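If you want the building blocks of each chain, they are given just below.
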Amino acid sequence: MDFMFVTQKNIFSENALAELKRYIKNRKLSLTNKILEEDYAVNTKERTSSDIVHNPKMGKIYFDLQDLPEIIVSELTTIAKQHNPNATFHTGTYTEYKGLYGRPHLPMHKDRFDHFLLIDYQYDSNTDWELLAEDQSISLKNNDALIIYPGTVTHGRPEKIFSDNDYVSMIFFDFWRNDNGRA
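Here the structure is a predicted model, which means the values were calculated and not measured.

1. Regarding the overall build of the chain
Line of reasoning, step 1. Looking only at helices and strands, one finds 3 helices and 11 strands in the chain.
Line of reasoning, step 2. Secondary structure elements in the chain, listed N-terminal to C-terminal, are β-α-β-α-β-β-α-β-β-β-β-β-β-β.
Line of reasoning, step 3. Across the 183 residues that make up the chain, the buried fraction comes to 49%.
Line of reasoning, step 4. Contacts in the chain between residues far apart in sequence, at least 24 positions, make up 77% of those at least 6 positions apart.
Line of reasoning, step 5. Working note: accessible area of the chain is about 9400 Å², and carbon and sulfur atoms make up 49% of it.

2. Quick word on the sheet that holds strand β10 (residues 155-156)
Line of reasoning, step 1. Taken in spatial order, the 3 strands of this open sheet run β8-β7-β10, and their pairing is antiparallel. The sheet is open, and its two edges are formed by β8 (136-138) and β10, each paired on a single side.
Line of reasoning, step 2. Pairing of strand β7 (residues 131-133) with β10 involves 2 bridges; the strand directions are antiparallel. Within β10, the position partnered with Leu132 by the bridge is Gly156.

3. So, the pattern of salt bridges
Line of reasoning, step 1. Under the definition given, this model contains 6 salt bridges.
Line of reasoning, step 2. Taking the shortest distance from any N to any O, the salt bridge between Glu96 and Lys28 comes out at 3.6 Å. Placement of the pair is Glu96 in strand β5 (residues 88-98) and Lys28 in helix α1 (residues 14-30), with a sequence separation of 68 residues.
Line of reasoning, step 3. Among the ionic pairs, Lys141 bridges to Asp128, the shortest N-O distance being 3.5 Å. Linking Lys141 in the loop between β8 and β9 (145-148) with Asp128 in the loop between β6 (116-125) and β7, this pair joins segments that are 13 residues apart in sequence.
Line of reasoning, step 4. For Lys141, a relative accessible area of 45% gives the class partly exposed.

4. Overview of the side chain of Asn143
Line of reasoning, step 1. Here Asn143 is to be found in the loop between β8 and β9.
Line of reasoning, step 2. Sequence-distant contacts of Asn143, defined by excluding residues within four places in its chain, comprise Lys9, Asn10, Ile11, Phe12, Leu17, Tyr121 and Gln122.

5. Topic: the environment of Tyr121
Line of reasoning, step 1. Checked against the element boundaries, Tyr121 lands in strand β6.
Line of reasoning, step 2. A relative accessible area of 0% means that Tyr121 is categorised as buried.
Line of reasoning, step 3. Placed 19 residues apart in sequence, Tyr121 and Leu140 show a C-alpha to C-alpha distance of 8.6 Å.
Line of reasoning, step 4. Ignoring any residue separated from it by four or fewer positions in sequence, one finds Tyr121 in contact with Ile11, Phe12, Leu17, Leu20, Asn143, Asp144, Ala145, Ser169, Met170, Ile171 and Phe173.

6. With respect to the nonpolar core
Line of reasoning, step 1. Phe12, Ile119, Tyr121, Ile171 and Phe173 are the most contacted members of the largest nonpolar core, which totals 32 residues.
Line of reasoning, step 2. Breaking this core down by element, the ones donating at least two residues are α1, β4 (60-65), α3 (70-83), β6, β9 and β11 (167-176).
Line of reasoning, step 3. For Phe173, the contacting residues outside a window of four places in its chain are Phe12, Leu68, Ile72, Leu76, Phe89, Thr91, Gly92, Leu117, Leu118, Ile119 and Tyr121.
Line of reasoning, step 4. Residues Leu131, Ile148, Val168 and Phe172 belong to the second largest nonpolar core, which totals 16 residues.

What counts, and at which threshold
Residues numbered from 1 in each chain as written. Predicted model: local features only at pLDDT ≥ 70, side-chain atom pairs only at ≥ 80, totals over all residues. Heavy atoms only, no water. Helix = DSSP H or I, 4+ residues; strand = E, 2+ residues; numbered from the N terminus. Buried < 20%, exposed > 50% of the residue type's maximum accessible area, 1.4 Å probe, protein only. Contact = heavy atoms within 4.5 Å. Areas by Shrake-Rupley, 256 points an atom, 1.4 Å probe, with all protein chains shown as cover. Pairing = 2+ DSSP bridges. Salt bridge = Lys/Arg side-chain N within 4 Å of Asp/Glu carboxyl O. Core = buried A, V, L, I, M, F, W, Y, C linked by side-chain atoms within 4.5 Å.

Just geometry here; none of it tells us what the structure is for.
Set out below in structure tokens:
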């Protein structure tokens, strides 16, 4: 496997980006008012796809994306297959880091599973917070992404102090690798 990670600018076409913005807005409106603390949500079977999970240790909230529009999945799949011809779409997770949610923090790590290709997509932000992959610093703008094997490549973010209103919204698009890295 030669590919480990790469950045890509302007992931979505204008039409797909407009559709994604409509989808995220509607998804936020459709979520329940139940906000679960991560320790509780992870350790129980009571979490549903309509819950928002709050992780104050990492200064973030997140929720699952369901039934993404076909244009989104299609454009993502085209990108993923450029890096792994066997990749198939699996899931999406919206994550919002914000000072209001705690101290945003993402230490260097490898994900515990190595059977995914991840398109780590910057959806929206009002502050810069670089990504780190191995020994490289990566700056993303809205509609840019880091494409990475998160179980193979050490990645994280540097320390940064967020005000209550600073935020970085990311969407993690997971693809099955369907190669020798799949569990």
